[in-house]
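Remarks on the overall topology
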Amino acid sequence: MCIRRLFQFSHLQWAQRATFLKHIQHKHQGTHRWTHSGGSTYRAVIFDMGGVLIPSPGRVAAEWELQNHIPSGTILKAFIEAGENGPWMRFIRGEITTEDFLKEFGRLCSEISKTSVPVDSFFSLLTSDRVAKQFPVMTEAITQIRAKGLQTAVLSNNFCLPSGKSFFPLDRKQFDVVVESCLEGICKPDPRIYKLCLEQLGLQPSESIFLDDLGPNLKTAASLGIHTIKVNDPETAVKELESLLGFTLRVGIPNTRPVRKTMEIAKDALEKYLKDLLGIQTTGPLELLQFDHGQSNPTYYIRLANHQLVLRKKPPGTLLPSAHAVEREFRIMKALANTGVPVPNVLDLCEDTRVIGTPFYLMEYCPGLTYKDPSLPGIEPSRRQAIYTAMNRVLCKIHSVDFKAAGLEDYGKQGDYIPRQVQTWIKQYRASETSIIPAMERLIEWLPLHLPSQQRTTVVHGDFRLDNLLFHPEKTEVLAVLDWELSTLGDPLADVAYSCLAHYLPSSFPMLRGFGDCDLTHLGIPTAEEYFRMYCLHMGIPPIENWNFYMAFSFFRMAAILQGVYKRSLTGQASSATAEQSGNLTEFMSNLAWDFAVKEGFQVFKKMPAPKLLKRSYHTWATPQSLLSPTGTRSYSSIPEGFPAHASKGALVISPEGLSPPARELYHRLRRFMEQRVYPVEQELQRHQASGDRWSPSPLIEDLKIFNCSAPDTGNMELLVRYGTEEQKARWLLPLLEGKARSCFAMTEPQVASSDATNIESSIREEDGFYVINGHKWWITGILDPRCQLCVFMGKTDPHAPRHRQQSVLLVPMDTPGIKIIRPLTVYGLEDAPGGHGEVRFEHVRVPKENMVLGPGRGFEIAQGRLGPGRIHHCMRLIGSSERALALLKARVRSRVAFGKPLVEQGTVLADIAQSRVEIEQARLLVLRAAHLMDMAGNKAAALDIAMIKMVAPTMACRVVDRAIQAFGAAGLSSDYPLAQFFASARALRFADGPDEVHRATVAKMELKHRA
Ligand SMILES: Cc1cc2nc3c(=O)[nH]c(=O)nc-3n(C[C@H](O)[C@H](O)[C@H](O)COP(=O)(O)OP(=O)(O)OC[C@H]3O[C@@H](n4cnc5c(N)ncnc54)[C@H](O)[C@@H]3O)c2cc1C
């Protein structure tokens, strides 16, 4: 409040009053300052309210009089003429009620103007939300002042509202002290109220600066020794305050920069438009900046006179159908204004392309914080948690809007949101496609086949992520939800899944930073599952089963959006400098999407009955039982016993103690099972393998079969989950998962170097609606097993296609005529019965066309995608067999005496033990890291680590087992112990799934490419 104090001083000369009034009415630009000498350091800034933080009543009155045809100056005269005991003065000292004030004041105004004056309408305007709003420049300044550790105060001549509360339309938390005349019973320029304010601040007058728009108020402040700034215009006042304080109060508009060359807009036309729209007379430069945000719809910051606005427009050029709908953004924000969803106040939609070339809309600039990095660096974990909770809550608010009541019934179609979205984004993707991306092709087939049924229809934001939210600078409160371009009516779960994208993206992802590689427990950020549960709890809905579908769809949609941005960058239309990068990112996103589709595919496991553990009789191994004791097997952990459990999700677990409770329980069950059921029957199994029945599965194994993780079944199952059609899955995947069938993978050929898959020569030709196979294969593991029902066959469909597009994969039932097994091959004389490794001819083998996986030419890609999990299983088994070899060695050297002492006392034996332990641990850590990466970032991201372990684990196992064999003497080579078999399989694994050299080449290439 500012005007009323003119009227309270009897000593104030009329001439002075007249000059002052004139100044207010004519908006003089000059500033006055009363300052003390002495130059002490300032510790507080005290603000008047009306005319400094919010518009002055004088200006509001002048506008109101004009609009209501009341003689100009009536209100001001009414304030002044009645003097100290007039209605206004008594009102601001809290001596009369609003009702009495309005009666008396109305009478006075009517006397002055000789006409009836509806003062309650003026009063409503003065106290309305529209008018009584803090100047953004002042909000910014207060934030900066407080950030520097100074105090802030309001010293206001205000009044009480009809509710009895004082009129204070500001956020009190911005101020350390608030002194209100109507509550104190005294008002400015009475020196006592200034002293009261200083007392509450605990400061001397010279330690503070006071801003007011009225001279007499400032004069008293100055006479007390307070530094003063006269405010005519908030912008100029802030500049003056900056120079007094010696630090900047206008740090610029966050996340903006000069307008990009290709995104410039005609400033003159815009300025004229704005002046007409806002009724601004002032001349002064229009400040125009561009926000970093807005790859799709360029977004600008505008400062003109006291207005700070945001303009959002369509990008220039030819646009994709239904994209960049700024009209819809305007409509929804307007409709949501009174629904409790925080949105910026929208002012105007201009569809006239003559103004700046494209349609645009304007909204008020809302100063606040955007968190661009979703891992929220530099913020306390508890605050991070609160920020994500606030984000979750605001999403619940959006999804709780009564869209019919908000006039949004026709804002989108109701029902079938996901099917329509899937089609829309397929279409958008196709319209901007620049090359074939295999994962996108797979998703385009997969998504329509796995659509969920929609439970609810609500307003959906469509792009709900942390950096589209504006937060209060000090509180964890969402001030505004931005970027409604993709909003519509739809399935709210799509929004929830989309808002979890950052959980899976790496922190280095260029356009959409994530925290998939961070430890969320440490950060305090809820996991995606926790975030989703929080949402369900708040909305009162049960959790859903097909969450992975929603995630797959969200990543697919993101991939399609990135492809659109990329395409526009090629034609110079995209509005972001990083747009050009988006091409590569599309592929990355689509692979992530596909990982979720695969996870969704794995739901099939959940539907399977739990396997039964059959009771077995115990058998004794020929060696001492102590060899099989827990200490002899896998009890060695990578960290000491008793080390605190590393239970945080997302962290690399390096010991059983660090596993989650359910996984730890599984681990212990597995150990018990090995010790109680498997080790005791090893010898009997050995005997079966040497017997004439060896080509029939041992009934012992049939009974014990609970793991179902043998090669090549796991790789084949993975292949079917990832790439199989629903029919292929039903026919082959289910029997494999249930352990009812076995399978083999036929790639290697005797006549060509098969470590290079592109050499494969077997032919697959199309004939009478069938595929016909001819070829010679060998080393086909499992093909001799009587349970083997499926051969996953790789051959060439088109020898003239590009090198990596010649191969295809066919699912060949093993009972198809023309499959001729020539012989079982042996590894160091071992046959690995009953699966064996067969040499086999395929002669005119006819397979229905629907047995092709993915399509012709996709074989190389499938072979690549299949191998990650199979390889890590091999490596895990190798760590296991090395542990057992070391355990056997330790037991043997303790009991065996040579040259007068146990072998364990020989230095070379001790060195062997130490060396073996170190090598096992090195390999184990590498394998754990690869497994961790596969879990957290997917098989593709873990490609380097998978190649590394495939290089390391077999050679490590060969060395460790070889040392054990050496310590055992000749017995180590016999079939009385499992060492010879361990060695043979470790040695074979230096070829199987690609020879060492090929993996070394992969590692070296990646090293040169990424760590140059
Ligand atoms: C026990 C066992 C089980 C198997 N199971 C299967 C199966 O189920 N299905 C299947 O299809 N295959 C299987 N294989 C075959 C295996 O995948 C191949 O042996 C392997 O891919 C190598 O192919 P190749 O034998 O034709 O060797 P080649 O390609 O002839 O290579 C011979 C040698 O050349 C060298 N070499 C090759 N490439 C490079 C390079 N880039 N740089 C330097 N040197 C190089 C390596 O020393 C390599 O060992 C199995 C093999 C074994 C031993």
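Here, every reference points to the structure presented above.
First things first, this report covers the structure right here in the doc. Quantities reported herein were computed from a predicted structural model and do not represent experimental measurements.

Some words on the overall build of the chain
- Across its full length, the chain carries 33 helices and 24 strands.
- Looking at the chain as a whole, 55% of its 1012 residues are labelled buried.
- Sequence-distant contacts, at least 24 apart, represent 72% of the contacts inside the chain between residues at least 6 apart.
- Accessible surface, the chain: about 44,300 Å² in total, of which carbon and sulfur atoms supply 54%.

A few points about the sheet that holds strand β5 (residues 227–230)
- Strand order in this open sheet of five strands is β3-β2-β1-β4-β5, and the pairing throughout is parallel. With one partner strand each, in any of the chains shown, β3 (177–180) and β5 form the two edges of the open sheet. Each strand axis lies, on average, 20 degrees off the axis of its neighbour in the sheet, ignoring direction.
- Across four bridges, the pairing between strand β1 (residues 44–47) and strand β2 (residues 151–156) is parallel. From the neighbouring strand, V45 faces β2, where its bridge partner is T152.

So, the sheet that holds strand β7 (residues 287–291)
- Pairing within the open sheet is antiparallel, and its six strands lie in the order β6-β7-β8-β9-β11-β10. The outermost strands of the open sheet, each flanked by one partner alone, are β6 (256–257) and β10 (346–350).
- In this structure, β6 lies alongside β7, joined through two bridges in antiparallel fashion. Pairing of R257 across the sheet is with Q290, part of β7.

Examining the pairing of β2
- Burial runs high along β2: five of the six residues are buried.
- Note that β2 and β3 share four bridges and pair parallel. Within β3, the residue paired with S156 across the bridge is E180.

Conventions and cut-offs
- Residues numbered from 1 in each chain as written.
- Predicted model: local features only at pLDDT ≥ 70, side-chain atom pairs only at ≥ 80, totals over all residues.
- Heavy atoms only, no water.
- Helix = DSSP H or I, 4+ residues; strand = E, 2+ residues; numbered from the N terminus.
- Buried < 20%, exposed > 50% of the residue type's maximum accessible area, 1.4 Å probe, protein only.
- Contact = heavy atoms within 4.5 Å.
- Areas by Shrake-Rupley, 256 points an atom, 1.4 Å probe, with all protein chains shown as cover.
- Pairing = 2+ DSSP bridges.
- Axes fitted to C-alpha atoms, helices over the stretch in contact; angles between N-to-C directions.

The values are spatial; any link to function lies outside them.
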